[in-house]
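# An overview of the molecular structure
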Amino acid sequence: MLDQKKYTWQSHPQDFKLIAFGFDDLPCSEKNVKMVVEALAKYEGFATCFVLGENIEKGGKSLLEYVVQYGFELGNHSYSHPRIGKYAYEEIVTELQKTNDLLKREMGITPKWFRPPYLMNNSTVEVACFAVDGMCVVNGLKNSRTNVWYHVEDGGDILRDAVDNAYDGAIYVMHPARSTTAMAMEEICKALYDKGYRFCTVSQLFEYKGIVPLGNKTYHDVNG
Ligand SMILES: [Zn+2]
């Protein structure tokens, strides 16, 4: 279900520059998530959604089913959104395993990727992450204007930052719970699409670039 290959560009992805949008904190606002999905679908794109276990338990399963139906990928974003970089190894494993167990039970999906809340990655997080179903840590690009390894949205001009920071193989950190992000998504997709970018899941990005992701490290883009 995840690799529907429904768009023609997917039969020759090497001809395009690729971006993997990563949307954090799902399931969240249904209205915003649907705006994001529809914008991506209009521009023949997919993305990866990073899921909070406790939000599934609060009743968000149907929204996850909706994004999966569109061919989006689900990743792990912890169970309770803690400052996980301060946790001990066993506590990290517990946080991650709870969400993976929920996704397996509720969705029949085993995530391949973990995005730490607040992007708090360190070697303990990386090793613990790989111990849970062989997941890899994936964060995202630096906002060149704010010079921070953080959210694309935080520079104050989301369209400009999403376009100016783009490069082939980039991974983005974005938050559909924010209405500004949801509302900007169609413009962002159009601007990048017109520049020759296509949009895929994190797993597709590695597959299309022919790169096998390694465990025990953090990826900021497809090259490392
Ligand atoms: Zn988050």
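Described in the following lines is the structure provided in the data block.

Cut-offs and rules
- Residues numbered from 1 in each chain as written.
- Predicted model: local features only at pLDDT ≥ 70, side-chain atom pairs only at ≥ 80, totals over all residues.
- Heavy atoms only, no water.
- Axes fitted to C-alpha atoms, helices over the stretch in contact; angles between N-to-C directions.
- Helix = DSSP H or I, 4+ residues; strand = E, 2+ residues; numbered from the N terminus.
- Parallel < 35°, antiparallel > 145°, perpendicular 65-115°, else oblique.
- Contact = heavy atoms within 4.5 Å.
- Nonpolar A, V, L, I, M, F, W, Y, C, P; charged D, E, K, R; others polar.
- Donors = N, O, S within 2.8 Å, 3.2 Å for Na, K, Ca; no water.
- Buried < 20%, exposed > 50% of the residue type's maximum accessible area, 1.4 Å probe, protein only.
- Core = buried A, V, L, I, M, F, W, Y, C linked by side-chain atoms within 4.5 Å.
- Polar contact = N/O pair within 3.5 Å; in protein donor to acceptor, adjacent residues only side chain to side chain.
- Phe/Tyr/Trp six-rings, centres within 6.5 Å; stacked < 30°, edge-to-face > 60°.
- Lys NZ or Arg CZ within 6 Å of the ring centre and 35° of its normal.

### Re the packing of helix α1 (residues 30-42) against helix α6 (residues 179-194)
- It is the contact of α1 with α6, at a shortest axis distance of 9 Å, that shows an interaxial angle of 5°. One way to sum up the angle between α1 and α6 is to call them roughly parallel. Contact residues: α1 offers N32, M35, V36, A39, L40 and K42, while α6 offers S179, A182, M183, M185, E186 and C189.
- Partitioning the contact of α1 with α6 into residue classes produces 8 nonpolar, 2 polar and 2 charged.

### Here's the deal with the coordination of the zinc ion
- Note on the zinc ion: its protein donors are D25 (OD), H77 (NE2) and H81 (NE2). The metal-donor distances range over 2.1 Å.
- Counting residues between consecutive donors of the zinc ion along the chain gives the motif D-x51-H-x3-H. Here H81 lies in the loop between β3 (73-76) and α3 (89-107) and D25 lies in strand β1 (residues 17-26), a separation of 56 residues in the sequence.
- The buried category is assigned to D25, whose relative accessible area is 17%.

### What about the nonpolar core?
- Ranked by size, the top nonpolar core spans 61 residues in total, and within it F21, F23, V67, L74, Y172 and L192 carry the most contacts.
- In this structure, L74 is in contact with C49, V51, L64, V67, V68, L103, M107, I109 and P111, ignoring residues within four places of it in sequence.
- I84, I92, A128 and M135 belong to the second largest nonpolar core, which has 10 residues in total.

### Here's the deal with helix α4 (residues 123-131)
- Turning to α4, its buried residues are V125, E126, A128 and C129.
- Check the buried side of α4 and you find it contacts α3, β4 (113-114), β5 (136-138) and β8 (218-219).
- Where α4 begins, the capping side chain belongs to N122, and its oxygen is found 2.9 Å from the backbone nitrogen of T124.
- Looking at the residues trailing α4, positive phi occurs at D133, about 60°.

### Observations regarding the packing of aromatic side chains
- This model, assessed by the stated rule, comprises 10 aromatic pairs.
- Taken together, F21, F23, Y172 and F199 form an aromatic cluster joined through their ring pairs.
- When the ring centre of Y66 is taken as origin, the NZ or CZ atom of K34, which lies over that ring, is 4.9 Å away.

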